[in-house]
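Topology and contacts: notes
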Amino acid sequence: MAEKLMKEAGKTNYEISIHEGVGHLIDLPFCPPTTISNHPLFPKPIVLQVGGDDIIKHGEAQEKIWNNLLSFFDRNLRP
């Protein structure tokens, strides 16, 4: 869906990556993965599972995604 919207908007400077076994919340590299978190729109007793079930894959993805993000910013945000 995100790719469809980007194409419809005429955007070309985006990347989509899928990392199996990784949750929706990617922390900075070498930080413990956040697997459960509160959500600001839900009442306090409700928590959401946001991290993947495999903390090894999650940790490896944190490092890979961070490096990819820095490279993307370097390519697309420099004058």
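Residues numbered from 1 in each chain as written. Predicted model: local features only at pLDDT ≥ 70, side-chain atom pairs only at ≥ 80, totals over all residues. Heavy atoms only, no water.

Attention now moves to the overall build of the protein chain. In terms of regular secondary structure, the protein chain is built from two helices and two strands. Starting at the N terminus, the α and β elements of the protein chain follow one another as α-β-β-α. A compact globule built from 79 residues should have a C-alpha radius of gyration of about 12 Å, whereas the protein chain, at 15 Å, is more than 25% larger. Across its three principal axes, the protein chain shows a C-alpha extent of roughly 45 × 30 × 25 Å. In the protein chain, the share of contacts with a sequence separation of at least 24, taken over all contacts with a separation of at least 6, comes to 57%. Looking at the protein chain as shown, the accessible area adds up to about 6500 Å², and 60% of this sits on carbon and sulfur atoms. If you average the places of the 8 positive and of the 10 negative side-chain charges in the protein chain, the two averages end up 8 Å apart. (Helix = DSSP H or I, 4+ residues; strand = E, 2+ residues; numbered from the N terminus. Rg over C-alpha atoms; globule rule 2.2 N^0.38 Å. Contact = heavy atoms within 4.5 Å. Areas by Shrake-Rupley, 256 points an atom, 1.4 Å probe, with all protein chains shown as cover. Lys, Arg positive; Asp, Glu negative; His and termini not counted. Charge placed at Lys NZ, Arg CZ, Asp CG, Glu CD.)

Note on placement: Asp27 falls in the loop between α1 (2–8) and β1 (36–38). Here Asp27 is buried and forms no salt bridge, its nearest opposite-charge partner Lys44 lying at an N-O distance of 16 Å. (Buried < 20%, exposed > 50% of the residue type's maximum accessible area, 1.4 Å probe, protein only. Salt bridge = Lys/Arg side-chain N within 4 Å of Asp/Glu carboxyl O.)

So, about the pattern of salt bridges. The full count for this structure, using the stated rule, is three salt bridges. Two residues, Glu15 and Arg75, come together in a salt bridge whose shortest N-O distance is 2.2 Å. Of this pair, Glu15 sits in the loop between α1 and β1 while Arg75 sits in helix α2 (residues 55–77), and the two are 60 residues apart along the sequence. Assessed through its relative accessible area of 49%, Glu15 is described here as partly exposed.

So, on to unusual backbone geometry. A positive phi angle, close to 70°, is found at Phe30, a residue other than glycine. Looking at the secondary structure, you find Phe30 in the loop between α1 and β1. Take Phe30: its relative accessible area is 73%, and that puts it in the exposed class.

Along the chain, Thr34 turns up in the loop between α1 and β1. Expressed as a C-alpha distance, the spacing of Thr34 and Asp54, which sit 20 residues apart in the sequence, is 12 Å. In this structure Thr34 touches Leu25, Asp27, Val50 and Gly51, once residues within four positions along its chain are discounted.

Further remarks concern α2. Across its 23 residues, α2 extends 32 Å between first and last C-alpha, which sits within 8% of the 33 Å expected from 1.5 Å per residue. Turning to α2, its buried residues number three or more, namely His58, Ala61, Gln62 and Phe72. Backbone nitrogen of Ile56 and a side-chain oxygen of the N-cap are separated by 3.0 Å at the start of α2; the cap is Asp54. (Expected span 1.5 Å × (residues − 1). Polar contact = N/O pair within 3.5 Å; in protein donor to acceptor, adjacent residues only side chain to side chain.)

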